[in-house]
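# Overview (structure and organization)
In case you want the letters, here they are:
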Amino acid sequence: MTFLLLEGLCTVSDSQVGEIMAFPGSVQFQIQGLNCASCVGRAERALASVEGVSAASVNLAAETAEVRYDAPATPVQLIEALSEAGYPAVSREVVLRLEGLSCASCVRRAEAALSEGAGVVSAEVNLASETARVRFIDGVIRADDVAALASGAGYPATLAEVADDTGARKEAEFEALKQRTILAAVLALPVFVLEMGSHLIPGMHHWVAGSIGLQNSYYLQFVLTTLVLAGPGRMFYAKGFPALFKGAPDMNALVALGTSAAWSFSVLATFAPRALPVGTANVYYEAAAVIVVLILAGRLMEARAKGRTGAAIKALVGLQPRTARIERADVVVEVAIDEIAVGDLVQVRPGERIAVDGVVASGASWVDESMITGEPVPVEKSAGSQVVGGTVNGTGALMFRAEKVGAETMLAQIIEMVQRAQGAKLPIQGLVDRITAWFVPAVLAVALLTVMAWLALGPEPVLSRALVAGVAVLIIACPCAMGLATPTSIMVGTGRAAQLGVLFRKGDALQTLRDCKVVAFDKTGTLTAGQPELTDVVLAEGFEEVGLLRLAASVEQSSEHPVARAIVRAAGADLAPASAFEAVAGFGVRAVVEGRNVAIGADRFMVSEGVALNELREQAKMLAKRGRTPLYVAVDGCVAALIAVADPIKPSARAAVKALHEMGLNVAMITGDNGSTAEVIAQELGIDHVRAEVLPEGKVAAIEALQSEVGAVAFVGDGINDAPALARADVGVAIGTGTDVAIEAADVVLMSGDVGGVVNAVSMSQRVMRNIRQNLFWAFGYNTVLIPVAAGVLFPFGGPMLSPMLAAGAMALSSVFVLSNALRLRGIGVQIDVQAPGSVRTGEVTA
């Protein structure tokens, strides 16, 4: 339940209210009543029938519907279409405290304003308590939008807390299902013992006949079975028969038909046995009762397993603290997380979670960012450092200024990305949809043909055998496993990927990445660190390294050139002041440091200064061949040293390329850097294809050339100039430390700057698709093999007939197998050990 505290005066224009009520484009909301793949198809067709809907995707595992639409479609029409199809949207409740209510007219006005909101189911305003209780469809309208509707009617509102009751609702559904299952089992057990015990236990048949009598035992079975079907099993008939009568049968219809047939035949055999052919008046109460128990038990296990598939999202949501301490007017106060505003100073004590995204204003500490980036090593934070909401502070105290709050934080965006990826429908799902569209009607036809074949060709008792075979076909063919095969793997896989620092922004990238033949990398900032570092120092006779670097850095500290910054970083903080500093464009720099004339630059600068380079010239050529940029340092007119700078390769790049090769992929590098440097790096890393000295539009052409030569391409980049290439590639992978433009153009985002995440992404894609194929093989293979067995094809060859009870158990176990197989994806571990660059791990580890 949510409470909104209304205070102060706030107005919303008519146009704003209109936007709140309509906001066409895309909505995602939870729905109820989904049981199998047929339900998914029926719900999607109901949504697609609404004029203006361009795409509708229903996820059985997540029990969500995502719809893209435009005018004239509205969220209300979408909800109504789902409700008519038997799959109502899940609603939530919000309570508002109102000020300014003075009469019944105010009540009517407030209720009317709230009821007009898109997705609002009901609104009740109480004048005495000055509250409004509003029930709305979560996903169509938000709690703060409900508050805005009240504000627009003249009753301003501020949101105090939003309670997501999804977990509680799921738990309540599970408990209710558990109670139904237990009740059904208690009622069905005597029926099973009375009937099956007579067949399995020697002498029990005579004991029943001699004690309570066979007819009395039938009466008792009738009463108990009827209670099972009318009580715990009522849900199958309440949903199944309406769906059947509408010409859209689903799993519930199959169960309802099968158990009704067994129960009806048994009732006839109990109360009017002479109406049946001689020798066929047998009862099958135990089949009807036990089928209900087994299917309820299967759904109970499914419900528990489904709850575990969303564990990653729950874990991400749980990362954000509920309160934080902020400094306002020189006073530190504790406020709810939703009350933090941009610009607030937030205090973080040792061991606490950081509330929102921001920049450190004071203090120093180490922060564990593993839950966001997947990197296990804490990151040092001091004044000016960026901090991310949800991460854990170490032993130091921090004060930071909030920059992004609410839905703008990185954690909120990660959760949204994962949720959208989990609700995606992969291309492979199209095959499942096409099959399940005709599957249930086909099963009904097969069941009817089975009954007719047994009546025409079967041995005595024909009617009994026909009934058993027909019911077994109906029960065993329920397409639950088919519907769960793909979405459960996607949910678990994308959730685990997020925990490893890999975000699939688009769900279909899971399948597309698996199909890529080549992974192409940008160089600067992707394979390399993105800034030059000092790599080599070759001293002339009479000079020592520490003193020389101090002189060079003292000169370069006045320059903003990246090479100068690299020399300063290498020298450290103990620098001397420089005078008479002069930068000669295209040549180098000179200055006076502690009375000594120091010059730094390329060979042409030394020649112009009259400095002899001697044997250092040959060594400079060798460094240049290795991709380094050589510079000379002269002191008082004599060459003192040869230094070299380069953009260093990231520690995990070599291991990443090796791992990709082991996966059977080609690796390419596309860069705007000069060809010689690119070739050197490619040789160091073992890269197969190199495209150098290309402009941003040239990167797109290079990707198109790779696509025609090798096949589907995944491109990995981090800069603004990479955005066109990321969009053109079959799969764009953005380094999370890069620009927002690059990330927005990508299909996959690596939350850390580690290119090893590419290997994790490819591995996750391959494993998820392998898992989906395993699930589909089991689901389709199970039905393909067991439907004929249930129909009795083995009987003429001396084989057994499949009992409807065994059919129900097998059907339930098939769904549990699919869910359990998908949950194995939670154990996938990292593929590259970043702490030991060059080492590759391909085995799974326990999550």
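Since we're looking at a predicted model, the values are computed, not measured.

## Some remarks on the pattern of salt bridges
Using the criterion set out here, one finds 18 salt bridges in the structure. For the salt bridge of lysine 381 with glutamate 369, the shortest nitrogen-to-oxygen distance reads 2.9 Å. Of the two residues, lysine 381 sits in strand S14 (residues 379-381) while glutamate 369 sits in the loop between strand S13 (365-368) and helix H13 (370-373), which places them twelve residues apart along the sequence. The two residues lysine 381 and glutamate 369 agree in class, both being buried.

## Here's the deal with the pairing of S13
Taking every second residue as pointing to the same face, the buried face of S13 carries Ser365 and Val367, while none of Trp366 and Asp368 on the other face is buried. Judged from the three bridges that link them, S13 and S14 form a sheet pairing that is antiparallel. What sits directly across from serine 365, in S14, is lysine 381. Strand direction decides the pairing type here: S13 and strand S16 (residues 392-393), joined by two bridges, are antiparallel. Opposite valine 367, over in S16, you have asparagine 393 as the bridge partner.

## A look at a nonpolar patch on the surface
On the surface, a cluster of nonpolar side chains totalling about 250 Å² of accessible area is made up of Leu189, Phe192 and Val193. Here leucine 189 is to be found in helix H6 (residues 166-200).

## What about empty space enclosed by the protein?
Per the counting criterion, the structure on display carries four cavities of 30 Å³ or more. Estimates place the volume of the second largest cavity at around 40 Å³. What lines the second largest cavity is simply Ala262, Tyr284, Ala287, Leu467, Val468, Val471 and Pro804. Examining the composition of the lining of the second largest cavity, we find that three residues originate from one element, helix H16 (residues 462-476), more than from any other. Looking at side-chain class alone, the lining of the second largest cavity contains seven nonpolar, no polar and no charged residues.

## Section: the UniProt feature "transmembrane region" (unreviewed entry) in the chain
Under the local residue numbering, the UniProt record ascribes the feature "transmembrane region" (unreviewed entry) to residues 182-201, 207-230, 251-271, 283-301, 435-457, 463-486, 776-795 and 801-819. The distance separating the terminal C-alpha atoms of residues 283-301 is 30 Å; by composition the span is 89% helix and 0% strand. Annotated as residues 776-795, this span is 80% helix and 0% strand, and its ends, taken at the C-alpha atoms, are 28 Å apart.

## Concerning the packing of aromatic side chains
Enumeration over the complete set of coordinates arrives at seven aromatic pairs. Ring plane angle 35° and centroid distance 4.5 Å describe the contact between tryptophan 778 and phenylalanine 817, whose orientation is recorded as tilted. Separated by 39 residues along the polypeptide, tryptophan 778 in helix H29 (residues 756-791) and phenylalanine 817 in helix H30 (residues 804-823) bring together distant segments of the chain. Accessibility expressed as a relative area gives 35% for tryptophan 778, which makes it partly exposed. Relative accessible area serves as the criterion here: at 37%, phenylalanine 817 is assigned to the partly exposed category. Feature note: the residues Tyr219, Phe222, Trp263, Phe271 and Tyr285 constitute an aromatic cluster, connected by ring pairs. One cation-aromatic arrangement involves arginine 604 over phenylalanine 587; the distance from NZ or CZ to the ring centre is 5.5 Å.

## Details of the nonpolar core
Across soluble globular proteins, nonpolar side chains show a tendency to be buried alongside one another. With 139 residues, the main nonpolar core has Phe29, Phe504, Phe521 and Leu660 as its most contacted residues. For this core, the leading source of residues is H29, giving 16 residues. Apart from residues no more than four positions distant in its own chain, phenylalanine 521 is found in contact with Thr526, Leu527, Leu660, Val667, Ala668, Met669, Ile670, Phe715, Val716, Val755 and Val758. In this structure, Leu551, Val568, Ala591 and Val635 belong to the second largest nonpolar core, which totals 22 residues.

## Describing the confidence of the model for the chain
When pLDDT is averaged along the chain, the result is 78, and 81% of the positions lie at 70 or above. Per-residue pLDDT stays below 50 along residues 1-23; that stretch engages in 67 contacts with residues further than four places along the chain or on separate chains. Here residues 160-164 scores under 50 on pLDDT; set against residues more than four positions off or in separate chains, the count is 17 contacts.

## What about the environment of lysine 506?
Here lysine 506 shows up in the loop between strand S18 (502-504) and helix H18 (509-515). Residue lysine 506 is classed as partly exposed on the basis of its relative accessible area of 39%. The spacing of lysine 506 and leucine 426 is 80 residues in sequence and 9.8 Å in space, taken between C-alpha atoms. Apart from the residues lying within four places of it in its own chain, the contact partners of lysine 506 are Ala746 and Asp747.

## Thoughts on unusual backbone geometry
Cis peptide bonds are those with omega within 30 degrees of zero, and the linkage from alanine 71 to proline 72 qualifies with 10°. Inspection of the secondary structure assignment puts proline 72 in the loop between strand S4 (64-69) and helix H3 (75-85). At glutamate 594, a residue that is not glycine, the phi angle is positive and equals roughly 50°. Given the relative accessible area of 52%, glutamate 594 is considered exposed. Even without being glycine, aspartate 636 reaches a positive phi, approximately 55°. Along the chain, aspartate 636 turns up in the loop between strand S24 (629-635) and strand S25 (638-646).

## Describing the sheet that holds strand S10 (residues 331-336)
What the six strands build is an open sheet, ordered S10-S9-S11-S17-S12-S15; its pairing is antiparallel. Strand pairing shows two members of the sheet lacking a second neighbour, S10 and strand S15 (386-387), which therefore form its edges. Here strand S11 (residues 345-348) runs beside strand S17 (residues 398-404); their pairing, made up of four bridges, is antiparallel. Looking across to S17, one finds that valine 346 is bridged to phenylalanine 400.

## Notes on the side chain of glutamine 707
Position of glutamine 707 among the secondary structure elements: in helix H26 (residues 696-709). Assessed through its relative accessible area of 18%, glutamine 707 is described here as buried. Once residues lying within four places of it in the same chain are set aside, the contact partners of glutamine 707 are Val713, Arg728, Ala729 and Asp730.

## Here's the deal with the packing of helix H24 (residues 653-662) against H29
Contact pair H24 / H29: the axes reach a minimum separation of 8 Å and the direction vectors enclose 25°. It follows from the interaxial angle that H24 and H29 lie roughly parallel. Like other packed secondary-structure pairs, H24 and H29 cross with a definite hand, here left-handed. Where H24 abuts H29, its residues Ala656, Ala659 and Leu660 lie against Gly756, Val758, Val759 and Val762. The residue inventory of the contact of H24 with H29, partitioned by class, reads six nonpolar, one polar and no charged.

## Some words on the sheet that holds strand S29 (residues 731-735)
The seven strands are arranged S18-S30-S29-S28-S19-S26-S27 in an open sheet whose pairing can be described as mixed. Unpaired on one side and paired on the other, S18 and strand S27 (689-691) mark the two borders of the sheet. Along the sheet, successive strands turn relative to each other by an average axial angle of 20°, direction set aside. Note that strand S19 (residues 518-522) and strand S28 (residues 713-717) share four bridges and pair parallel. Directly across from phenylalanine 521, in S28, lies its bridge partner valine 716. Against the sheet, H29 touches S18, S19, S28 and strand S30 (748-750), its axis set at about 50° to S18.

Conventions used here
Residues numbered from 1 in each chain as written. Predicted model: local features only at pLDDT ≥ 70, side-chain atom pairs only at ≥ 80, totals over all residues. Heavy atoms only, no water. Salt bridge = Lys/Arg side-chain N within 4 Å of Asp/Glu carboxyl O. Helix = DSSP H or I, 4+ residues; strand = E, 2+ residues; numbered from the N terminus. Buried < 20%, exposed > 50% of the residue type's maximum accessible area, 1.4 Å probe, protein only. Pairing = 2+ DSSP bridges. Patch = residues over 30% accessible without salt bridge, like charges linked within 9 Å, V, L, I, M, F, W, Y side chains within 5 Å. Areas by Shrake-Rupley, 256 points an atom, 1.4 Å probe, with all protein chains shown as cover. 1 Å grid on protein atoms, 1.4 Å probe; cavity = no way out; pocket = protein on both sides within 12 Å on 5 of 7 lines; lining within 4 Å. Points joined across faces, edges and corners; volume = space filled by probe spheres on them. Nonpolar A, V, L, I, M, F, W, Y, C, P; charged D, E, K, R; others polar. UniProt positions renumbered as here; feature names shortened; annotations may be inferred. Phe/Tyr/Trp six-rings, centres within 6.5 Å; stacked < 30°, edge-to-face > 60°. Lys NZ or Arg CZ within 6 Å of the ring centre and 35° of its normal. Core = buried A, V, L, I, M, F, W, Y, C linked by side-chain atoms within 4.5 Å. Contact = heavy atoms within 4.5 Å. pLDDT = per-residue confidence, 0-100. Axes fitted to C-alpha atoms, helices over the stretch in contact; angles between N-to-C directions. Parallel < 35°, antiparallel > 145°, perpendicular 65-115°, else oblique. Left-handed = near helix turned anticlockwise from the far one by under 90°.

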